[in-house]
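# Examination of the molecular architecture
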Amino acid sequence: MKPEEKWLEELFKQLPDEELPAAFRDRVMQQVYAEAKRAHQRSERWGWVAIIAASLCMIGLAVLVFLYLDLPPVRVALPESDSWLFFFYIGVLTLLLLGADHLFRQYVKRKHS
């Protein structure tokens, strides 16, 4: 050991052994949890700021593109009336599959938690 370490070790041996107050650990853990909560909230706020800034940049870029580029107008043609039934079928099938996926994920989450 270095001479400073020996000196410190001897100094600590001279200190009387005192027990910590009963609520010491609880108070320290409360402070640790409070700091962890503040850090989580801080990182969450920065995440929201980044999302909002990126969204505003994309909206601004889209506005600039539409203002300064001479784009032809967009025309959307609706499908014929006999194909609506097929599209309705596909939409209902998609919603059923999404619902089944959601229920399956909840089941697996409950089973493994």
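The structure reproduced in this document is the subject of the present report. Every chain begins its residue count from 1, and numbering advances along the sequence as written. Since the coordinates come from a predicted model, pLDDT governs what is reported: local features require at least 70, and pairs of side-chain atoms require 80 or more to be given and counted, while whole-chain, interface and lining totals use all residues. Excluding hydrogens and water, the side-chain values take into account all heavy atoms of the structure.

Here we take up the overall build of the protein. Secondary structure elements follow DSSP: runs of H or I no shorter than four residues count as helices, runs of E no shorter than two count as strands, and numbering proceeds from the N terminus. Summing up its helical and strand segments, the protein has 3 helices and 0 strands in all. Counting from the amino terminus, helix and strand elements in the protein follow one another as α-α-α. Taking 2.2 N^0.38 as the reference for a compact globule, 113 residues should give roughly 13 Å; the C-alpha atoms of the protein span a radius of gyration of 32 Å, well beyond that estimate. Principal-axis analysis of the C-alpha atoms gives the protein an extent of 95 × 50 × 30 Å. In the protein, buried positions account for 0% of the 113 residues. In these tables, accessible area is a Shrake-Rupley quantity obtained with a 1.4 Å probe, and a residue counts as shielded only by the protein chains included in the view. Working note: accessible area of the protein is about 11700 Å², and carbon and sulfur atoms make up 68% of it. When the 14 positive and 14 negative side-chain charges of the protein are each reduced to one mean point, those points stand 4 Å apart. The size measure is the radius of gyration over C-alpha atoms, and the globule rule it meets is 2.2 Å times the number of residues to the 0.38 power. Each residue gets one of three labels from its accessible area relative to the maximum for its type: buried under 20%, exposed over 50%, partly exposed in between, using a 1.4 Å probe on protein chains only. Positive charges come from Lys and Arg alone, negative charges from Asp and Glu alone, with His and the N- and C-terminal ends not counted. For the purpose of locating charges, the reference atoms are NZ of Lys, CZ of Arg, CG of Asp and CD of Glu.

The next thing to look at is the environment of Arg-27. Here Arg-27 shows up in helix α2 (residues 24–68). A sequence separation of 63 residues divides Arg-27 from Ile-90, and the C-alpha atoms of the two residues are 58 Å apart.

What follows covers the packing of aromatic side chains. Two measures describe an aromatic ring pair: the distance that separates the ring centres and the angle between the ring planes. Here a pair means two rings of Phe, Tyr or Trp (six-membered ring of Trp) with centres within 6.5 Å. Their orientation is stacked below 30 degrees between planes, edge-to-face above 60, and tilted elsewhere. What the rule picks out here adds up to 1 aromatic pair. Ring geometry for Phe-86 versus Phe-87: centroids 5.9 Å apart, planes at 55°, classification tilted. A relative accessible area of 42% means that Phe-87 is categorised as partly exposed.

Any Lys or Arg side-chain nitrogen located within 4 Å of an Asp or Glu carboxyl oxygen qualifies as a salt bridge. Counted by the stated rule, this structure contains 4 salt bridges. For the salt bridge of Lys-13 with Glu-9, the shortest nitrogen-to-oxygen distance reads 3.5 Å. Taken together, the residues span about one helical turn, with Lys-13 and Glu-9 both in helix α1 (residues 3–14) at a distance of 4 residues. Using a relative accessible area of 58% as the deciding quantity, one classes Lys-13 as exposed.

Residues Trp-48, Ile-51, Ile-52, Leu-56, Ile-59, Val-63, Leu-64, Leu-67 and Tyr-68 make up a contiguous nonpolar surface patch of about 1000 Å² in total accessible area. With respect to the helices and strands, Tyr-68 occurs in helix α2. Since its relative accessible area comes to 67%, Tyr-68 is described here as exposed. By definition, no residue in a patch forms a salt bridge, and every one has over 30% relative accessible area; like charges are joined within 9 Å, nonpolar side chains (Val, Leu, Ile, Met, Phe, Trp, Tyr) within 5 Å.

Distances and angles like these do not, on their own, reveal function.
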